[in-house]
Amino acid sequence: MRIGELARRTGVSERSLRYYEAQGLLRAERTPGGHRDYPEAAVDRVVRIQELFAAGLHSSRIAQLLPCMRDADGGPSAVATPRLVEDLTAERARIDRMIADLVRSRDTLDEVIEAAREG
């Protein structure tokens, strides 16, 4: 399928799809005319990439994890190692720390807002 169709089917911009390809997250064959030609499995791959970005992972980490995951359901692939669980657990801990920092920031803002209201 062409890049426009993949973009429509996944809700991801063509620019993002090109970025994914440049980062090694997505592969496309080229037609004789030089157009990208994506396999049907690219739809699931893009969905998986979007989920990982939404989870707060950056593209280099996603590139490390994708070979260990099945695109269709996100489960471990045949090449998955115990390191996948370790890596995902570390990412989750990083996100937990970010959440805790944000909660502290919000609490501080609430205190400032309350003080401003009383003042």
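Residues numbered from 1 in each chain as written. Predicted model: local features only at pLDDT ≥ 70, side-chain atom pairs only at ≥ 80, totals over all residues. Heavy atoms only, no water.

- By the naming in an unreviewed UniProt entry, the chain goes by MerR family transcriptional regulator and is assigned to Streptomyces chartreusis.

**A short note on the overall build of the chain**
So, point 1. Along the chain, the regular secondary structure elements total five helices and two strands.
So, point 2. Taking 119 residues into account, the globule formula puts the C-alpha radius of gyration at 14 Å, and the chain, at 20 Å, lies well above it.
So, point 3. Principal axes of the C-alpha set define a box for the chain whose edges measure 70 × 35 × 20 Å.
So, point 4. The 119 residues of the chain split such that 29% are buried.
So, point 5. Across the chain, the fraction of contacts at a sequence separation of at least 24, relative to all contacts at a separation of at least 6, is 43%.
So, point 6. Of the roughly 8000 Å² of accessible surface on the chain, 54% is carried by carbon and sulfur atoms.
So, point 7. In the chain, 19 side chains carry a positive charge and 20 a negative one; their mean positions are 6 Å apart. (Helix = DSSP H or I, 4+ residues; strand = E, 2+ residues; numbered from the N terminus. Rg over C-alpha atoms; globule rule 2.2 N^0.38 Å. Buried < 20%, exposed > 50% of the residue type's maximum accessible area, 1.4 Å probe, protein only. Contact = heavy atoms within 4.5 Å. Areas by Shrake-Rupley, 256 points an atom, 1.4 Å probe, with all protein chains shown as cover. Lys, Arg positive; Asp, Glu negative; His and termini not counted. Charge placed at Lys NZ, Arg CZ, Asp CG, Glu CD.)

**Notes on the confidence of the model for the chain**
So, point 1. Chain-level pLDDT for the chain is 90 on average; 97% of the residues reach the 70-or-more range.
So, point 2. Across the chain, the secondary-structure element scoring lowest on mean pLDDT is helix α4 (residues 59-65), at 89, and the one scoring highest is helix α1 (residues 3-10), at 97. (pLDDT = per-residue confidence, 0-100.)

**Here's the deal with the UniProt feature "domain: HTH merR-type" (unreviewed entry) in the chain**
So, point 1. Sequence positions flagged by UniProt for "domain: HTH merR-type" (unreviewed entry) are, in local numbering, residues 1-68.
So, point 2. With 54% helix and 6% strand, the stretch residues 1-68 has end C-alpha atoms that lie 25 Å from each other. (UniProt positions renumbered as here; feature names shortened; annotations may be inferred.)

**Considering the packing of aromatic side chains**
So, point 1. Counting across every chain of the model gives two aromatic pairs.
So, point 2. Taking the centre distance of 6.4 Å and the plane angle of 65° together, the rings of Tyr19 and Tyr20 count as edge-to-face.
So, point 3. Taking the centre distance of 5.8 Å and the plane angle of 25° together, the rings of Tyr20 and Phe53 count as stacked. Taken together, the positions of Tyr20 in helix α2 (residues 14-22) and Phe53 in helix α3 (residues 42-54) put the pair 33 residues apart, joining distant regions of the chain.
So, point 4. One aromatic cluster is present, built from ring pairs that chain together Tyr19, Tyr20 and Phe53. (Phe/Tyr/Trp six-rings, centres within 6.5 Å; stacked < 30°, edge-to-face > 60°.)

**Overview of the nonpolar core**
Generally speaking, soluble globular proteins have nonpolar side chains that are buried together.
So, point 1. One finds Leu6, Leu17, Tyr20, Leu26, Tyr38 and Val46 to be the most contacted residues of the largest nonpolar core, which totals 23 residues.
So, point 2. Listing elements by their share of this core, those giving two or more residues are α1, α2, α3 and α4.
So, point 3. When residues of this core are assigned to their parent elements, the largest contribution, five residues, is made by α3.
So, point 4. Dropping the residues within four chain positions of it, Leu17 is found in contact with Ile3, Leu6, Ala7, Val12, Leu26, Tyr38 and Val46. (Core = buried A, V, L, I, M, F, W, Y, C linked by side-chain atoms within 4.5 Å.)

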